[in-house]
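The residues making up each chain are set out below.
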Amino acid sequence: QGYCFSEEYDIHFISYYHDNAATVISLVDGKNGEKIKTLPLRKSNGKDFTGHAGGIAEDGQYLYIVDGKKIYRISLALVFVTPDGAPLSLLDKINTDVKCSYLNSDGTYLYAGEFYTFTADGSYDTDKSHHMAISFFETTYARCNAYKITDLEFRADGDEISVPSMIFTTPNCVQGFARLPDGTFALSIS
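Residues numbered from 1 in each chain as written. Predicted model: local features only at pLDDT ≥ 70, side-chain atom pairs only at ≥ 80, totals over all residues. Heavy atoms only, no water.

S.K.: Hey, could you run me through the overall build of the protein in this one?
M.R.: When helices and strands are tallied, the protein shows one helix and 15 strands. Radius of gyration (C-alpha) of the protein: 17 Å, near the 16 Å computed for a compact globule of 190 residues. Residues counted as buried form 43% of the 190 residues belonging to the protein. Long-range pairs, those at least 24 residues apart, make up 53% of the contacts in the protein between residues at least 6 apart in sequence. Just so you have it, the protein exposes about 10,000 Å², and 51% of that area is on carbon and sulfur atoms. Charged side chains in the protein number 16 positive and 25 negative. The centres of these two groups are separated by 5 Å. (Helix = DSSP H or I, 4+ residues; strand = E, 2+ residues; numbered from the N terminus. Rg over C-alpha atoms; globule rule 2.2 N^0.38 Å. Buried < 20%, exposed > 50% of the residue type's maximum accessible area, 1.4 Å probe, protein only. Contact = heavy atoms within 4.5 Å. Areas by Shrake-Rupley, 256 points an atom, 1.4 Å probe, with all protein chains shown as cover. Lys, Arg positive; Asp, Glu negative; His and termini not counted. Charge placed at Lys NZ, Arg CZ, Asp CG, Glu CD.)

So this is what it looks like as structure tokens:
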């Protein structure tokens, strides 16, 4: 569901969920493509974390994972010392006002965005305040929030919603989002 590559560590990070099992993070060696380890995720209460984990990002110090309206943070140092198959607990989080489907980091900001497409049952609906008329003929129904990493207060508890530094309206059906070194953005759309 989620993917990021760390140039600093030459490691691919992949997040994915299973039916009736814990969501996991896999680390893959960037040089030879071999799996380094797979780590199941746990909630703070010790139970399996079975969330979507639709996005994963790193900033050199932390690994970030999104699920619903939450962004979790795990120390990369902890990820690296945890042995293959051992669980990682998701303790620190922030709350957002978007149902996060993807995540990206440029080292300064975390970009967390939502996916929208029309369904009869409304399962991919977004908050009406996120809808924006782009032109007379076009409306977008999703957005991506940019959070300045140094301004975020990750905690184990609390229901406060973190305030983004910037908000971008995005096209419908966005699955991935990246800020490129020249400052432009690349979006993948299904």
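S.K.: What is the right way to look at the environment of Met166 in this model?
M.R.: Topologically, Met166 is positioned in strand 13 (residues 166-170). As a C-alpha pair, Met166 and Cys144 span 22 residues in sequence and 8.5 Å in three-dimensional space. Sequence-distant contacts of Met166, defined by excluding residues within four places in its chain, comprise Tyr109, Cys144, Asn145 and Ala146.

S.K.: When you look at the nonpolar core in this model, what are you seeing that I'm missing?
M.R.: Here is a general trend for soluble globular proteins: nonpolar side chains tend to be buried in one another's company. Counting residues in each nonpolar core, the largest one holds 18 residues, and the members touching the most others are Phe13, Ile25, Leu41, Ile65, Ile74 and Val79. Among the secondary structure elements, those contributing two or more residues to this core are strand 2 (11-18), strand 3 (21-29), strand 4 (35-42), strand 6 (62-75) and helix 1 (76-81). The element best represented in this core is strand 6, accounting for four residues. Discounting chain neighbours no more than four positions away, the residues touching Ile65 are Ile25, Leu41, Ala53, Gly55, Ile56, Lys70, Ile71, Tyr72, Ile74, Leu90 and Leu103. (Core = buried A, V, L, I, M, F, W, Y, C linked by side-chain atoms within 4.5 Å.)

S.K.: It is not clear to me how the packing of aromatic side chains should be interpreted in this structure. Could you clarify?
M.R.: One pass over the structure, following the stated rule, counts 15 aromatic pairs. Here the aromatic rings of Tyr102 and Phe177 are separated by 6.0 Å at their centres, their planes lie at 15°, and the arrangement is stacked. Of this pair, Tyr102 sits in strand 8 (residues 92-105) while Phe177 sits in strand 14 (residues 174-179), and the two are 75 residues apart along the sequence. The two residues Tyr102 and Phe177 agree in class, both being buried. Grouped by ring-pair contacts, the aromatic residues Tyr102, Tyr109, Tyr111, Phe168, Phe177 and Phe185 constitute a single cluster. Over the face of the ring belonging to Tyr62 we find Arg73, whose NZ or CZ atom lies 4.1 Å from the ring centre. (Phe/Tyr/Trp six-rings, centres within 6.5 Å; stacked < 30°, edge-to-face > 60°. Lys NZ or Arg CZ within 6 Å of the ring centre and 35° of its normal.)

S.K.: Looking at this structure, I do not really get the sheet that holds strand 3. What am I missing?
M.R.: As summarised here, the arrangement of the five strands in space is 1-2-3-4-7, forming an open sheet in which the pairing is mixed. The open sheet has two edge strands with one neighbour each: strand 1 (2-6) and strand 7 (88-89). As defined by bridge partners, strand 2 adjoins strand 3 across seven bridges and the pair is classed as antiparallel. Considered in strand 3, the bridge of Ile14 is made with Ser26. (Pairing = 2+ DSSP bridges.)

S.K.: What is the right way to look at the sheet that holds strand 5 (residues 55-58) in this model?
M.R.: Remark on secondary structure: sheet strands pair via backbone hydrogen bonds, oriented parallel or antiparallel. If you trace the six strands from one edge of the open sheet to the other, you get 5-6-8-9-12-13, paired in antiparallel fashion. If you trace the sheet from one side to the other, it starts and ends with strand 5 and strand 13, each paired once. Direction aside, neighbouring strands of the sheet carry axes that sit 50° apart on average. Relative to strand 12 (residues 142-148), strand 9 (residues 109-114) runs antiparallel, the two being bridged by five bridges. By the bridge assignment, Ala112 is partnered in strand 12 with Asn145. (Axes fitted to C-alpha atoms, helices over the stretch in contact; angles between N-to-C directions.)

S.K.: Would you mind going over a nonpolar patch on the surface with me for this structure?
M.R.: Residues Phe185, Leu187 and Ile189 make up a contiguous nonpolar surface patch of about 240 Å² in total accessible area. Looking at the secondary structure, you find Ile189 in strand 15 (residues 185-189). (Patch = residues over 30% accessible without salt bridge, like charges linked within 9 Å, V, L, I, M, F, W, Y side chains within 5 Å. Salt bridge = Lys/Arg side-chain N within 4 Å of Asp/Glu carboxyl O.)

S.K.: Please explain the state of the cysteines as it appears in this structure.
M.R.: Each disulfide consists of a covalent bond between the sulfur atoms of two cysteine residues. Within this structure, the stated rule accounts for zero disulfides. With no disulfide of its own, Cys100 has Cys144 as its nearest cysteine by sulfur position, at a separation of 8.7 Å. (Disulfide = S-S within 2.5 Å.)

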